[in-house]
Amino acid sequence: MQQNLTSRKRLYEQHLHTLSEISQALGEKDRYTQAHGHRVALYAMRLARRLGFSPEDIRNVGMGGLFHDVGKLALSDRIFTNRENRLPRDLRQEVRCHPLIGAALLKNIDFLKPAVDFVLFHHEREDGNGYPFGLKAGEIPPGAKIVSIADCFDAVTTNRPYQKGQSVASAYKILREGCRRYFCEEYVETFIEEIEENGIIPDTGPDPLLADKLVRSAAGYNVM
Ligand SMILES: [Fe+2]
């Protein structure tokens, strides 16, 4: 029993180390993507909590948010140095692979398995025109729908190298206009209620402890 616990702890420490390395590597490649992942995790957990998800599901959604773009690690540097609003066609095609790459990276890590589908499906759309599979509303897991809304809101309201952040009101408009085509309407309205009540997350860069806290709690070490 004691040996089991020790080997589980050791395995957990190894996984945590791997994840910190992945997160750090992503930060070195693109600091925006790293900090964005941290904010998406926090927004996604807030929405999941407001929707009444269990503590375990809230954590899983948080991990999905944290690592939703981890597959971008494998993308070409030209994508990160691009300063145009729209990427050239070949690079757009490449970007469309990142959910598959991210899911492949995470699927063998035991306590991240429940979050893999949220990474894999975070660019699916309600109307079936998303990627990589073109799933429709009822086929998309709720956690992926949540990550998708948090992802859009943070992407719109923060500054990127090629684009200045827009107002919260503009982000609400974009989310509401995207209902039924892109996003689940009920989740969008609940998300807006949550932001109105508890505010936005400031753009202060990555939270170095967030991955650690989420992974610890997912591994059964109750620190959240
Ligand atoms: Fe993404």
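Residues numbered from 1 in each chain as written. Predicted model: local features only at pLDDT ≥ 70, side-chain atom pairs only at ≥ 80, totals over all residues. Heavy atoms only, no water.

A. A look at empty space enclosed by the protein. One pass over the structure, following the stated rule, counts two cavities of 30 Å³ or more. Estimates place the volume of the largest cavity at around 80 Å³. Put simply, the parts of the chain that give the lining of the largest cavity at least two residues each are α1 (2–29) and α2 (31–50). The element that contributes the greatest number of residues to the lining of the largest cavity is α2, accounting for four residues. Taken together, the residues that form the lining of the largest cavity break down as three nonpolar, six polar and one charged. Estimated volume of the second largest cavity: approximately 40 Å³. Lining of the second largest cavity is provided by E124, R125, E126, I140, A144, K145, S148, Y182, F183 and C184. Of the residues contributing to the lining of the second largest cavity, the split by class is five nonpolar, one polar and four charged. (1 Å grid on protein atoms, 1.4 Å probe; cavity = no way out; pocket = protein on both sides within 12 Å on 5 of 7 lines; lining within 4 Å. Points joined across faces, edges and corners; volume = space filled by probe spheres on them. Helix = DSSP H or I, 4+ residues; strand = E, 2+ residues; numbered from the N terminus. Nonpolar A, V, L, I, M, F, W, Y, C, P; charged D, E, K, R; others polar.)

B. The arrangement of the side chain of K72 in detail. By the element assignment, K72 lies in the loop between α3 (55–66) and α4 (77–81). Look at K72 and you get buried, because its relative accessible area is 17%. Every residue in contact with K72, bar those within four places of it in the chain, is listed here: L26, K29, T33, F80 and H98. (Buried < 20%, exposed > 50% of the residue type's maximum accessible area, 1.4 Å probe, protein only. Contact = heavy atoms within 4.5 Å.)

C. Summary view of unusual backbone geometry. Here the amide bond leading from Y131 into P132 is cis, since omega sits at 5°, within 30 degrees of zero. For P132, the location among the structural elements is in the loop between α7 (113–120) and α8 (142–157).

D. Focus on the coordination of the iron ion. Around the iron ion, the protein contributes the donor atoms D69 (OD), H98 (NE2), H122 (NE2) and H123 (NE2), at 2.1 to 2.3 Å from the metal centre. One way to put it: the four donor atoms around the iron ion meet at angles of 84 to 175°, and that makes the site irregular. Donor residues for the iron ion sit on one chain with the sequence pattern D-x28-H-x23-H-H. Residue D69 is found in the loop between α3 and α4, and its partner H122 is found in the loop between α7 and α8; the two are separated by 53 residues along the sequence. Here D69 matches H122 in class, with each residue buried. (Donors = N, O, S within 2.8 Å, 3.2 Å for Na, K, Ca; no water. Tetrahedral: all angles 85-135°; square planar, octahedral: opposite > 155°, others 65-115°.)

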